[in-house]
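Coordinate inspection notes
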Amino acid sequence: MILKYAGRHVLKRNPWVMGWCADLMSRETAPPVVHEARQETLLRRIFDSARQVPAYLRHARKAPSENCLDYLRDSFPMIDKTSLLARRTEFLPGGKPPWRTTVAATSGTTGTPLDVHRSLGSILWEEAFHLQHWHWAGWRRGQRQSVLRGDMVVPVDRRNPPFWFKDSAGGQLVLSTRHVDGRTAPLMAEELRRFGAMQLRAYPSAAYELATHLEEAAIRVPLTSVITGSEMLYDFQRKRIESAFQCKVFDFYSMAERVA
C-alpha cells in the first residue's frame, strides 16, 4: 500500500506538473487579450491534430488561420455519446488507437459505459489542474489532506479501527468509504483532528454520509475546504457538508478523456 501511493506521487507530483500548475496560476490575472491570443494558438493546433481524425477531417481541412473560435462554433458538429459508440474508430487518429495511451472505462454522467484512450501527458496535465483547484480552495503545498473517494484501504470485513491509511509520502489520511457509519464517524473525526488534515477530498455522496453521521453525533470538524468531484453535487449535500466541516465546498468537474 505504501509503495502504491508513493508511486502515484512520484509520477504525478513531479517538477513538470508543479511547473505547469505554477504557469496556470500565473495566467489567472492575465488581460483578456492574452487569453484570446493563446486560445487562437491552441485552436490552430487542435485543428492540425483533427486532420488525423476521420470524423473531423472534412471540417479541419477548411479551418482558417484566424477567428478559430468562430469557425469552431459554426462549423464543427456537436458529438453525443451514441454517435461516438456507433462510429468509434472514426474518432481515433488514423482510425486506430494511438499506441502510447492507456485505456480507461467510464460511465460518465449519463451512465452509458465508454472506453477512452488517454496519454500520460493528459493525465499529468489534469493533475496540474487539480493542484490549481486545491489552491483556489485554500490549500498550500505541504499541508495535509484527507481523502474519502472509494479507495480500498482496509479489508471490507474489518470491524475495529483503524478504518484509514496514512499516506506519509503524500501527506494524506485516506479514509475507507466502505466503513462510514454512525459508529465509525466519531472515530474518523478524531483521527482527522489528530492527523491535522486541512482539506478533505471526497465523493459528494461519501462526504455527505460522513457529515450526516457527524451532525447526528453533534460533532464538527473544522477544515479549510472540502473538494468534491466524480459525482453530481446537490445543494442539500453541499449545505450539510459545509455545516459539518465549517467550510466551503469547492466542486471539481472533469472528464475521463482528460481533455478538459
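Overview of the structure. Computed from a prediction, not measured in an experiment: that's the story for all the values here. (Residues numbered from 1 in each chain as written. Predicted model: local features only at pLDDT ≥ 70, side-chain atom pairs only at ≥ 80, totals over all residues. Heavy atoms only, no water.)

1. Describing unusual backbone geometry
- Cis geometry marks the peptide bond from Pro161 to Pro162, where omega comes out at 15 degrees.
- Structurally, the position occupied by Pro162 is in the loop between strand S3 (145-148) and strand S4 (164-167).
- Even without being a glycine, Ser230 presents a positive backbone phi close to 75 degrees.
- By secondary structure assignment, the location of Ser230 is in the loop between strand S7 (225-229) and helix H10 (235-245).
- Accessibility expressed as a relative area gives 57% for Ser230, which makes it exposed. (Helix = DSSP H or I, 4+ residues; strand = E, 2+ residues; numbered from the N terminus. Buried < 20%, exposed > 50% of the residue type's maximum accessible area, 1.4 Å probe, protein only.)

2. Observations regarding a nonpolar patch on the surface
- Together, Met232, Tyr234 and Phe236 give the surface a local cluster of nonpolar side chains, amounting to about 340 Å² of exposed area.
- Classification of Phe236 as partly exposed rests on a relative accessible area of 48%. (Patch = residues over 30% accessible without salt bridge, like charges linked within 9 Å, V, L, I, M, F, W, Y side chains within 5 Å. Areas by Shrake-Rupley, 256 points an atom, 1.4 Å probe, with all protein chains shown as cover. Salt bridge = Lys/Arg side-chain N within 4 Å of Asp/Glu carboxyl O.)

3. A short note on the packing of aromatic side chains
- Tallied over the full model, the rule gives 11 aromatic pairs.
- Summarising the aromatic geometry, the rings of Trp134 and Trp139 are spaced 5.4 Å apart at their centres and angled 85 degrees between planes, so their arrangement reads as edge-to-face.
- Judged by its relative accessible area of 6%, Trp139 is buried.
- Taking the centre distance of 5.2 Å and the plane angle of 90 degrees together, the rings of Tyr208 and Phe236 count as edge-to-face. Placement of Tyr208 in helix H9 (residues 204-216) and of Phe236 in helix H10 is noted, with a sequence separation of 28 residues between them.
- One cation-aromatic arrangement involves Arg144 over Phe195; the distance from NZ or CZ to the ring centre is 4.4 Å. (Phe/Tyr/Trp six-rings, centres within 6.5 Å; stacked < 30°, edge-to-face > 60°. Lys NZ or Arg CZ within 6 Å of the ring centre and 35° of its normal.)

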